Amino acid sequence: MTHTVGLIYAHPDDETFGCACLIRSLADQGVSAALLTATSGEAGKPGQLGPMTRDELAARRERELAAAGAIMGLADIELLRYPDGQLSSVPRSELVANIAAFLNRHRIAVVITFPEDGISGHPDHIAIHHAVNEAVWSGICPHVQKLYYNMPLTGHEAQAGSVISLDAAPYWEMKAAALRAHESQILSVERVFGDLQALPANERMRGESFVLVWKRGVHHPAVREQSLLDDVT
């Protein structure tokens, strides 16, 4: 049986920062990954591209997301196009309903999203975190069997629960290309990863880690895993 992994984030590039290696590894195994992005990122800055209106930047960032998705091997990308920076003002029930519709439409078995602090503390990230939790835990998405959060630390530093970790080194050329595809955000990319010609100097950015927080109704199950799809039926 084939299964689909669902990634749910706030802005174009969130998925590339935290999941590029994972997405590519899934694609290489023949596993589909579908992305839901809540905004078009129009409240950001266009960086070296020069002045843009919000509509122009939104269109640009959507094109960049499509380009990065092709590099990573995303099977599907959907955008909700909520106003960037204002997700905390969207009625929670509405956001949950849209997330649930995405999960059900793609028959998602495994979900990945932000941890409670949104990694960076961004209010949009935190709003997505809570809405995804509600959609998954409410029982309205019957195909979902597992929920993972991104971890900002590499696997050997993680202590709690089941953690899946990927070393970025085998995927770095691909991840760097996907990050470069987000050209309007390259200044932010370089602040986090440094010169994309080489693996980041910061060891914490040399991998991707995901912690299992929910499995078929059990929160923080005490299991050890090798793959996101372990024990997925």
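Predicted model only: the values in this text are computed from it and were never measured.

Enquirer: When you look at helix α5 (residues 172-181) in this model, what are you seeing that I'm missing?
Expert: Residue pairs spaced three or four apart in an α-helix point in one direction, given the helix's 3.6 residues per turn. Within α5, seven of the 10 residues are buried, which leaves the element mostly enclosed by the surrounding structure. Where α5 is concerned, the buried positions are Trp172, Met174, Lys175, Ala176, Ala178, Leu179 and Ala181. In this structure, the buried residues of α5 make contact with α1 (14-28), α2 (54-72), α6 (186-193) and β7 (207-215).

Enquirer: I tried to follow unusual backbone geometry on my own but got confused; where do I start?
Expert: Trans is the common state for peptide bonds, and a negative phi is the common state for residues other than glycine. Although it is not a glycine, aspartate 13 adopts a positive phi angle of roughly 100°. Note that aspartate 13 resides in the loop between β1 (4-9) and α1. Its identity is not glycine, yet histidine 220 carries a phi of approximately 50°, on the positive side. Topologically, histidine 220 is positioned in the segment after β8 (218-219). The exposed category is assigned to histidine 220, whose relative accessible area is 58%.

Enquirer: Is there a simple way to think about the pairing of β7 in this case?
Expert: Along any regular strand, the residues point their side chains to alternate faces of the sheet. The buried fraction of β7 is high, at nine of nine residues. In terms of strand pairing, strand β5 (residues 146-151) meets β7 through six bridges, oriented antiparallel. Across the sheet, residue lysine 146 finds its bridge partner in β7, namely lysine 215. Sheet analysis places strand β6 (residues 163-167) next to β7, joined by five bridges and oriented antiparallel. Counted as the bridge partner of isoleucine 164 is phenylalanine 210 from β7. Turn length for the β7-β8 hairpin, with the two strands adjacent in sequence and antiparallel, is two residues, and the turn residue arginine 216 shows positive phi of about 45°.

Enquirer: Which parts of the structure should I look at to understand the nonpolar core?
Expert: Side chains of nonpolar character tend, in soluble globular proteins, to be buried together. Ranked by internal contacts, the top residues of the largest apolar core, which has 70 residues, are Leu7, Ile8, Ile99, Leu103, Val111, Ile112 and Ile128. Those residues in contact with isoleucine 99 that lie beyond four places of it in its chain are Ile8, Leu36, Ala131, Val132 and Ala135.

Enquirer: How should I be thinking about the state of the cysteines in this particular structure?
Expert: Cysteine pairs can be covalently joined through their sulfur atoms, and such a bond is termed a disulfide. Following the criterion strictly, the structure yields zero disulfides and no others. With no disulfide of its own, cysteine 19 has cysteine 21 as its nearest cysteine by sulfur position, at a separation of 9.4 Å. According to the relative accessible area criterion, cysteine 19 is buried, its value standing at 0%.

Enquirer: Hey, could you run me through the environment of asparagine 202 in this one?
Expert: Mapped onto the secondary structure, asparagine 202 falls in the loop between α6 and β7. For asparagine 202, a relative accessible area of 42% corresponds to the partly exposed category. C-alpha separation for the pair asparagine 202 and valine 192, spaced 10 residues apart in sequence, amounts to 8.8 Å.

Enquirer: Looking at this model, I keep getting lost on the packing of aromatic side chains. Mind explaining?
Expert: Scanning the entire structure with this criterion turns up three aromatic pairs. Pairing tyrosine 9 with phenylalanine 114 gives two aromatic rings, centres 4.9 Å apart and planes at 85°, and the pair type is edge-to-face. Linking tyrosine 9 in strand β1 with phenylalanine 114 in the loop between β4 (108-113) and α4 (123-137), this pair joins segments that are 105 residues apart in sequence. Phenylalanine 114 shares its class with tyrosine 9; the two are buried. Aromatic side chains tryptophan 172 and phenylalanine 193 sit 6.0 Å apart centroid to centroid with 45° between the ring planes, which places their arrangement in the tilted category. One end of the pair, tryptophan 172, is in helix α5; the other, phenylalanine 193, is in helix α6, and 21 residues separate them in sequence. Residue classification places tryptophan 172 among the buried positions, given a relative accessible area of 7%. Taking relative accessible area as the criterion, phenylalanine 193 reaches 3% and is therefore assigned buried. The structure contains a cluster of three or more aromatic residues connected by ring pairs, namely Phe17, Trp172 and Phe193.

The rules behind each value
The written sequence of each chain sets the order in which its residues are numbered from 1. Two thresholds apply to this predicted model, a pLDDT of at least 70 for residue-level local features and 80 or more for giving and counting side-chain atom pairs, whereas whole-chain, interface and lining totals are computed over all residues. Side-chain figures throughout are based on the complete set of non-hydrogen atoms in the structure, without hydrogens or water. Burial here depends on accessible area, computed with a 1.4 Å probe over protein chains only, as a share of the maximum for the residue type. Under 20% is buried, over 50% is exposed, and the range in between is partly exposed. Here a helix means four or more residues in a row that DSSP labels H or I, a strand means two or more in a row labelled E, and each is numbered from the N terminus. We call two residues in contact when some of their heavy atoms are within 4.5 Å. Any two strands are treated as partners once DSSP identifies two or more bridges connecting them. Here, nonpolar core means buried Ala, Val, Leu, Ile, Met, Phe, Trp, Tyr and Cys residues that are tied together by side-chain atoms lying within 4.5 Å of each other. To count as a disulfide, a pair of cysteine sulfur atoms needs to be within 2.5 Å. Think of it this way: a Phe, Tyr or Trp ring, Trp meaning its six-membered ring, pairs with another when their centres are within 6.5 Å, and the plane angle makes it stacked under 30 degrees, edge-to-face over 60, tilted otherwise.

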